[in-house]
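Next come the chains, spelled out residue by residue.
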Amino acid sequence: MERADQSVKIMVEDVELTLHPLDSIDVGLTPAGFDLVRRAAFSILGGRMPVANLEELSFHQVLAMFSDLVCWEEASGRLFMCADLPGRCYCLPIPAEHWRVLTKGQTFH
């Protein structure tokens, strides 16, 4: 992993979460995990781009959209992939079973 582990504690609905930053290139998604990211990208961009252009987005373009902040939550193992767009930040939770940290040279997509 490229980033130093600088965990951050946040409160969400009276629950404290410990988040650990990751570099997006160190994260591998299962096909179901990638599908979650793709559907979120379509949902967010649906009113801003023609459907035909959305369908043509590559795997890497979809993942890059949610790489502004990537971190995992300690208690649940969820991954949060965030897109920082003008006027709003979207953070997508990915269940623990749909992602993992990659070792050097490994792919999981």
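What counts, and at which threshold
The residue numbering used here restarts from 1 in each chain and proceeds along that chain's sequence as written. Only residues with pLDDT of at least 70 get local features here, since the model is predicted, and only at 80 or more are side-chain atom pairs given and counted; chain-wide, interface and lining totals rely on the full set of residues. As a rule here, side-chain values cover all heavy atoms of the structure and leave hydrogens and water aside. What is meant by a nonpolar core is a set of buried Ala, Val, Leu, Ile, Met, Phe, Trp, Tyr and Cys residues, joined one to another through side-chain atoms within 4.5 Å. For each residue, the accessible area found with a 1.4 Å probe, counting protein chains only, is set against the maximum for its type, and the residue is called buried under 20%, exposed over 50%, and partly exposed in between. Note on conventions: DSSP H or I runs of at least 4 residues are helices, E runs of at least 2 residues are strands, and numbering of each starts at the N terminus. Should any heavy atoms of two residues lie within 4.5 Å, those residues are counted as being in contact. DSSP bridges decide pairing: two strands pair if at least two such bridges lie between them. Interaxial angle, 0 to 180 degrees, is taken between N-to-C directions of lines fitted to C-alpha atoms, where a helix line uses only the stretch in contact.

*Asks:* Quick one: what's the story with the nonpolar core, residue by residue and with numbers?
*Replies:* One finds L29, V37, M65, F66, L79, M81 and I94 to be the most contacted residues of the largest nonpolar core, which totals 22 residues. Tallying contributions element by element places helix α1 (residues 31-45) first for this core, with six residues. If sequence neighbours within four positions are ignored, F66 has contacts with V37, A40, A41, I44, M81, C82, A83, Y90 and L92.

*Asks:* I'd love a proper account of the sheet that holds strand β5 (residues 79-85), names of residues and values included.
*Replies:* Read across the open sheet, the five strands follow the order β1-β2-β4-β5-β6; overall the sheet is antiparallel. Both outer strands of the open sheet, β1 (8-12) and β6 (88-94), are each paired with one neighbouring strand and no more. Taking the axes of each pair of neighbouring strands and ignoring which way they run, one obtains an average angle of 35° across the sheet. Of the strand pairs in this sheet, strand β4 (residues 69-73) and β5 are connected by four bridges, and their pairing is antiparallel. Residue pairing across strands places C71 opposite F80, the latter belonging to β5. Contacting β5 and β6, α1 runs over the sheet at an angle of about 155° to β6.

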